[in-house]
2 protein chains.
Amino acid sequence: MKASVLTIGDELLIGQVINSNAAWIAEQLALLGVTLVRHVTCSDDDIEIERCLREESRSVDVLIVTGGLGPTHDDRTKHVLASWYECELVESEEAYRNLVSVLAARGRAEILDRNREQARVPSLCSVLMNRHGTAPGMLFDRNGLLLVSLPGVPSEMKAMMTDDVLPFIQKRLKEQGDTIMRYRTIHTIGIAEAYLAEQLEPLQDILDEHSTLAFLPNVSGVRLRIGVQATDDEQAGYRLDAIAGRIYNRLDHSAIFGEGNTTLAAEVVAALMRRSETVAVAESCTAGLLGAAITDIAGSSSVFPGGIISYANEVKNRELGVPMEILETYGAVSDQCARAMARGIRERLDATYGISVTGIAGPDGGTSEKPVGTVWIAVATPNGVSSKVYRFGSERLTNRQRSVNMALAMLWQVMGEHDV
Amino acid sequence: MKASVLTIGDELLIGQVINSNAAWIAEQLALLGVTLVRHVTCSDDDIEIERCLREESRSVDVLIVTGGLGPTHDDRTKHVLASWYECELVESEEAYRNLVSVLAARGRAEILDRNREQARVPSLCSVLMNRHGTAPGMLFDRNGLLLVSLPGVPSEMKAMMTDDVLPFIQKRLKEQGDTIMRYRTIHTIGIAEAYLAEQLEPLQDILDEHSTLAFLPNVSGVRLRIGVQATDDEQAGYRLDAIAGRIYNRLDHSAIFGEGNTTLAAEVVAALMRRSETVAVAESCTAGLLGAAITDIAGSSSVFPGGIISYANEVKNRELGVPMEILETYGAVSDQCARAMARGIRERLDATYGISVTGIAGPDGGTSEKPVGTVWIAVATPNGVSSKVYRFGSERLTNRQRSVNMALAMLWQVMGEHDV
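Residues numbered from 1 in each chain as written. Chains lettered and ligands numbered in written order. Predicted model: local features only at pLDDT ≥ 70, side-chain atom pairs only at ≥ 80, totals over all residues. Heavy atoms only, no water.

Undergrad: Hey, could you run me through the pairing of strand 10 (residues 211-218) of chain A in this one?
TA: Within a regular beta strand, the side chains point alternately toward one face of the sheet and then the other, so they alternate between its two faces. Residue and element names in this part refer to chain A. In the sheet, strand 10 pairs with strand 11 (residues 221-230) via eight bridges, with the strands oriented antiparallel. In the strand pairing of strand 11, L216 is matched with R223. Connecting strand 10 to the antiparallel partner strand 11 that follows it, the hairpin turn spans two residues. (Pairing = 2+ DSSP bridges. Helix = DSSP H or I, 4+ residues; strand = E, 2+ residues; numbered from the N terminus.)

Undergrad: Looking at this structure, I do not really get the sheet that holds strand 9 (residues 180-188) of chain A. What am I missing?
TA: Note: strands within a sheet are paired through backbone hydrogen bonds, in either parallel or antiparallel orientation. Residue and element names in this part refer to chain A. Sheet architecture is open: four strands sit in the order 10-11-9-12, paired in antiparallel fashion. Two strands bound the open sheet, and with one partner strand each, they are strand 10 and strand 12 (256-259). When strand polarity is set aside, the average angle formed by the axes of neighbouring strands in this sheet is 25 degrees. Where strand 9 lies against strand 12, three bridges are found, and the strand directions are antiparallel. Its bridge partner being in strand 12, I186 is matched across the sheet by E259. (Axes fitted to C-alpha atoms, helices over the stretch in contact; angles between N-to-C directions.)

Undergrad: What is the right way to look at the packing of aromatic side chains in this model?
TA: The description of two aromatic rings rests on the distance between their centres and on the angle between their planes. This structure, assessed with the given rule, holds eight aromatic pairs over all chains. Considering the side-chain rings of F304(A) and Y311(B), the 5.6 Å spacing of their centres and the 65 degrees angle between planes classify their relative orientation as edge-to-face. Of the two residues, F304(A) is situated in the loop between helix 11 (289-295) and strand 14 (306-310) and Y311(B) in the loop between strand 14 (306-310) and helix 12 (313-320); the pairing between them involves two chains. For F304(A), a relative accessible area of 0% puts it in the buried group. Exposure remark for Y311(B): the relative accessible area of 15% places this residue in the buried category. On the numbers, 6.4 Å between centres and 75 degrees between planes, the contact of F257(B) with W412(B) is edge-to-face. Of this pair, F257(B) sits in strand 12 (residues 256-259) while W412(B) sits in helix 15 (residues 396-415), and the two are 155 residues apart along the sequence. We classify F257(B) as buried; its relative accessible area is 5%. Lying across the ring of Y96(A), R116(A) places its NZ or CZ 4.1 Å from the centre. (Phe/Tyr/Trp six-rings, centres within 6.5 Å; stacked < 30°, edge-to-face > 60°. Buried < 20%, exposed > 50% of the residue type's maximum accessible area, 1.4 Å probe, protein only. Lys NZ or Arg CZ within 6 Å of the ring centre and 35° of its normal.)

Undergrad: Even after reading the chapter, I still don't get the nonpolar core, so can you show me in this structure?
TA: The tendency in soluble globular proteins is for nonpolar side chains to be buried side by side. In terms of nonpolar packing, the biggest core is built from 80 residues, with L290(A), I377(A), L408(A), L290(B), I377(B) and L408(B) touching the most fellow members. Once residues within four sequence positions are removed from consideration, L408(A) is found in contact with L264(A), A265(A), V268(A), L290(A), A293(A) and I294(A). By size, the runner-up hydrophobic cluster in this structure holds 58 residues, among which are L6(A), I49(A), Y96(B) and A119(B). (Core = buried A, V, L, I, M, F, W, Y, C linked by side-chain atoms within 4.5 Å. Contact = heavy atoms within 4.5 Å.)

Undergrad: In this structure, what is going on with helix 14 (residues 335-348) of chain B? I would like to understand it.
TA: Because each turn of an α-helix spans 3.6 residues, side chains separated by three or four positions in sequence point in the same direction. All names here are of chain B. Between its first and last C-alpha atoms helix 14 spans 20 Å; for 14 residues at 1.5 Å apiece the expected length is 20 Å, and the two agree. Those residues of helix 14 not exposed but buried are C337, A338, A340, M341, A342, G344 and I345. Where helix 14 is buried, its residues touch strand 13 (279-283), strand 14, helix 12, helix 13 (324-329), strand 15 (353-359) and strand 16 (374-381). D350 sits one or two residues past helix 14 and shows a positive phi near 55 degrees. (Expected span 1.5 Å × (residues − 1).)

Undergrad: Mind showing me how you'd approach the interface of chain B and chain A here?
TA: It is common to report an interface's size as the accessible area lost on association of the parts. Contact with chain B, which involves 87 residues of that partner, is made by 88 residues of chain A. At the boundary of chain B with chain A, total buried surface from both sides reaches about 6,900 Å², with 54% on carbon and sulfur atoms. On the chain B side of the contact with chain A, I14(B), Q16(B) and I309(B) bury the most area, a combined 8% of that side's loss. At the junction of chain B with chain A, the criterion picks out 14 salt bridges. Across the salt bridge formed by R114(B) and E198(A), the nearest N and O atoms sit 3.1 Å from each other. Taken together, the links from chain B to chain A amount to 32 residue pairs in polar contact (both at pLDDT 80 or more). Of all the elements, strand 2 (residues 35-42) of chain B adds the most residues to the side of chain B that touches chain A, at seven residues. Pairing of strand 2 (residues 35-42) of chain A with strand 2 of chain B, which is carried by five bridges, proceeds in the antiparallel orientation. When the bridges of strand 2 of chain B are listed, V40(A) appears paired with V40(B). (Buried area = accessible area lost by both parts, 1.4 Å probe. Salt bridge = Lys/Arg side-chain N within 4 Å of Asp/Glu carboxyl O. Polar contact = N/O pair within 3.5 Å; in protein donor to acceptor, adjacent residues only side chain to side chain.)

Undergrad: In this structure, what is going on with helix 9 (residues 233-250) of chain B? I would like to understand it.
TA: Residues and elements named next belong to chain B. Spanning 18 residues, helix 9 covers 26 Å between terminal C-alpha atoms, matching the ideal 26 Å at 1.5 Å per step. Turning to helix 9, its buried residues number three or more, namely A236, L240, I243, A244 and I247. Taken end-on, helix 9 shows its buried residues confined to a sector of 100 degrees, consistent with a single buried face. In helix 9, the exposed residues that point more than 90 degrees away from the buried face are E234, Y238 and N249. Against the buried residues of helix 9 lie strand 9 (180-188), strand 10 (211-218) and strand 11 (221-230). Measuring from the backbone nitrogen of E234 back to the side-chain oxygen at the start of helix 9 gives 3.2 Å, which picks out D232 as the cap. (Arc of directions from axis to C-beta.)

Undergrad: Which parts of the structure should I look at to understand the pairing of strand 2 of chain B?
TA: Residues and elements named next belong to chain B. With seven of eight residues buried, strand 2 is to be regarded as a mostly interior element. Bridge count between strand 1 (residues 2-8) and strand 2: seven bridges; the pairing is parallel. From the neighbouring strand, T7 faces strand 2, where its bridge partner is T41.

Undergrad: Just checking my understanding: could you explain the relation of the copies chain B and chain A for this structure?
TA: For the pair of chain copies, the relating operation is a rotation around an axis with a shift along it. Structural alignment of chain B on chain A gives an RMSD of 0.1 Å, achieved by rotating through 180 degrees and translating 0.1 Å along the axis. The symmetry that links the two subunits is that of a two-fold axis. Every residue of chain B has its C-alpha some distance from the rotation axis, and the shortest such distance is that of G288(B), at 1.7 Å. When the interface residues of chain B are mapped onto chain A, 100% of them again lie at the interface, so the same face is used by both copies. (Least-squares fit on C-alpha atoms with pLDDT ≥ 70 in both.)

Undergrad: I keep staring at the pattern of salt bridges and nothing clicks. Help me out?
TA: Opposite charge on two side chains allows them to pair when their charged atoms are near. Tallying each qualifying case throughout the model produces 50 salt bridges over all chains. A salt bridge links R339(A) to D335(A); the shortest N-O distance between them is 3.1 Å. Here the residue R339(A) and the residue D335(A) both occupy positions in helix 14 (residues 335-348), the gap between them amounting to four residues, near one helical turn. Judged by its relative accessible area of 22%, D335(A) is partly exposed. Across the pair E319(B) and R348(B) runs a salt bridge, and its minimum N-O distance is 3.7 Å. Here E319(B), found in helix 12, pairs with R348(B), found in helix 14; they are 29 residues apart in sequence, far enough to count as distant. When its relative accessible area of 5% is taken as the criterion, E319(B) is described as buried. Salt bridges here are not isolated pairs; linked through shared partners, they connect D141(A), K171(A), R172(A) and E175(A).

Undergrad: How should I be thinking about the sheet that holds strand 12 of chain B in this particular structure?
TA: Residue and element names in this part refer to chain B. Taking strand neighbours across the sheet as the criterion, the four strands line up as 10-11-9-12 in an open arrangement whose pairing is antiparallel. Across the chains shown, the open sheet's two edge strands, defined by having one partner strand only, are strand 10 and strand 12. Sheet twist, expressed as the average angle between the axes of neighbouring strands with direction ignored, equals 25 degrees. Sheet topology note: the strand 9/strand 11 ladder contains nine bridges and is antiparallel. Within the sheet, the bridge partner assigned to M181 lies in strand 11 and is Q229.

Undergrad: Would you mind showing me how to read the state of the cysteines here?
TA: What is meant by a disulfide is a covalent connection between two cysteines, made through their sulfur atoms. Residues and elements named next belong to chain A. The full count for this structure, using the stated rule, is zero disulfides over all chains. For the unlinked cysteine C285, the closest cysteine sulfur is that of C337, found at 11 Å. Here C285 falls in the buried class, since its relative accessible area comes to 5%. (Disulfide = S-S within 2.5 Å.)

And the structure:
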C-alpha cells in the first residue's frame, strides 16, 4: 500500500512553521508497513491544492491531507475537496455538537458564525470527530483512493489519526493481505558515519532489494536503520534479526546505546532507575537544557532531584562552591571549574552522580586559546571525577544541544551500562 | 520568480527526522521575495528522484535540492543528476582539496575511498564549496532552470545557501526586474484565533489578491502575517505599513509583543537589557527549559545570573527556602509554593525578578482537584509577587513548552513594556 502526505499552509512555504506533522504521520504509516512515497507541501490556494490532489491521487492508495481547516478566510481545504468530489458543503450535526462542547470546555458559551461554519463539511465524506478542537476531520473512500483531511494543529491531528485513521488503514491492509515493511533502528554514539560504513561494509552481501541499511546522523550520533520487506511479521522479524545480529557482531558495544524509539536521555534515566541511583546537574552554557532533557522522560523525578543553573561566575562560586581562585586563574571554561561544579552539585543535592557543563556557546566570548565551541564536561561519581573537553562548532544552538548529548553520553559510559 | 524545494531522504519519509531544512530555506527565499510554490520530499530512489525533478522543473525557475550526498551507498542524488543532465561524474580538484582540509580539521589524516568519492560531481555543474563538510554542492544553470543540490546536514546547507546560492538568486532577480513579495509579521499573545479574526474583520476591505493576512497560531500565541506584492521595496513598505497600522489600531497593545523574526524570549531579554535588570528562575516541572529559553538569546548573560532546578521537594525547601509547612499543607503545585519559590530565587541570586514554575506536566501525578496540566507560575518583583494558575492539556511536552511561554509572557506583562 502506497501513501502520500499533503500538508497545506502558506506558513509552511514561507518557513514560519517547521513541519513536524509530516514526520509524525510518516512514522505512524511506516509502523503499519505503509510505504510513504512522497510528502508535498503546498499553499492555501485553490488551484495549487487541486493540482496536488490530482498529482498525488494518481500514484497512491492513501492520501493524508492536513491543514487549511481553521476558522479564517485563508483556510481553503474543504472548499477544494467539495469541488474535487463534486458535492455541496452541509452542516454536520455531530460536528456542530462537538464544536459546541469543545468551546464550552474552553469556557466559551458564545458560538461565533465563523466557528459554526467549521461544522460544514462536503456531503460525500464521513466525519471524523475532533475531541480537541473545532474543525472536524473528513474521510473519503472513493474511486480506489482513501483520502483523509485533518486539521494542522498537531494535538488534534494526532488524536484523530490514532483513534480513527490508523485503525481504518490497518483494517484495509489486513483485507488486502499486502506485503509489509518493517524497520529496526540501532542507535550509536561516538563513531563517525564514514567509519561506521567502513566497519559495516561486509553486510552489503546480505542486503538486497528486500532489505536496506540506512545511516542517519544527528547531533547525538548515527542511527542505523534496517528495513526489510516480508510477507508477515514472523518473516520480517527473522530478516531483521539476521541483519541486526551482524551489526552487533561487528561494532564495539560501547558505541551502541539502544534501539528503536529511544533517546540517550531515556536510556540514561532507565539505567538510573534500575540501579536506584540519582543524578544532579550544574549547568553553565546549557543553562537548563540538560535538566530539561533528563526530565523530558516521564518518571524521571525518581532519579533527578534537580540542579543549579550557574550562568554567572558568582553563582558558580556561591551556590556550587567553585573557589574564586579557580575562576580567576583558569576561568569558568576550564577542567578545574568543570570538576569543581560536578563535585559541588553532587554533594549539594546528595546525588549519586553530578554532571557539569561549562563552555563558550557563542557567538561571542571566544579567544584563540578557547574558541567558540569549547565545552568542558565533568561527571562526579562516588569514586572520583572524570572530565573531557570538546570542540564543537560555531553555532550557539548546535553547541548547546551537542553539549547536552555528550554530557549524557559521558554519564552513560561512566555507568558502564554497556558492559552489563 | 517561482521556486520549489526537493528534500531527499528515506529518513524523512519514515519520520525519523523532522524536516527543519525546508522551513529555513523557505524563509530565506521568502525574504528575497521568491515565491515557494511547493516543497516535496521523496525517497533515496533513482526513479522517484527523477520523477520529482521532472515534475518540479516544469513549473518553477529555481529548484533547491537537499540531501542524498553522503558517503554511503544509499546516497543517490548526484548519480541521478548526472543522468538527468546527461553527463559524467568527474573528480573536482577543488572539492577534493576542500575535503582533505575539512577532514584534517577533524583530526583525520587518512582519506577513505568512500570520502574521496564525495569529490566526484557531474561534469556540467559549478561546484559550491562546503566549508563545514565533505560533500560539495552543485549548481546547474541550464535550460531556464536554476537547480542547486546541497547536503542535507543543516549547518553545511545553510552556510552554502548564505554564501553562494542566495546571492546568486538575488543577482538573477535584479537582472529580471521581477515583482516582489514582502512580509511583515506581528506577534500576539493571549487572544484566541477566532477572536482575533473577529476583531480584525474590518481589514478585509483593504485585502485583495496583492495583499493577504494570515493567522498562524502556535504555543506562544497567534502570529499575524501580512503579505503584499509590489513592484519595489518602497511600494511594498507603504502597503505593509497601511495594513499593520490598521492592526495596531484595532488590537489591545498589551496583546502584541513584537514583530518579525523575534520570540517572546528575545523581547524579554531585550527589555531587561534596556532596563539594566536581571531575572533568575526557579523551575520544577519545566526543569531548566525556562532558563534554556532565556539563554537561547545570545548576550543573555548580562540579564540572567542563573537559577535553581528544584524537581524534588527537598530542593524546593533547602535551596529555595519554601517552608515544609507549605509543601505539606498545600503541596508543591500550589499558589503558596509558587510564590515562595519566586521570592526565594529572587533573593538568593539577588535578581530584579524571580520567576517560578511548578506544575503537573503528566502523564502521571494528576488528581481530580489538580489534574495533569495544572501549572502555577509566579513572578517576584521589587514590589511584591504576582501569580496565576493555568490548566493546559494532557501532553507532557506541550505543557512544559506552554509553561515556559506563559512564564515569559507574565514577566513581560509585569514589566509593563507594552505601555512604554
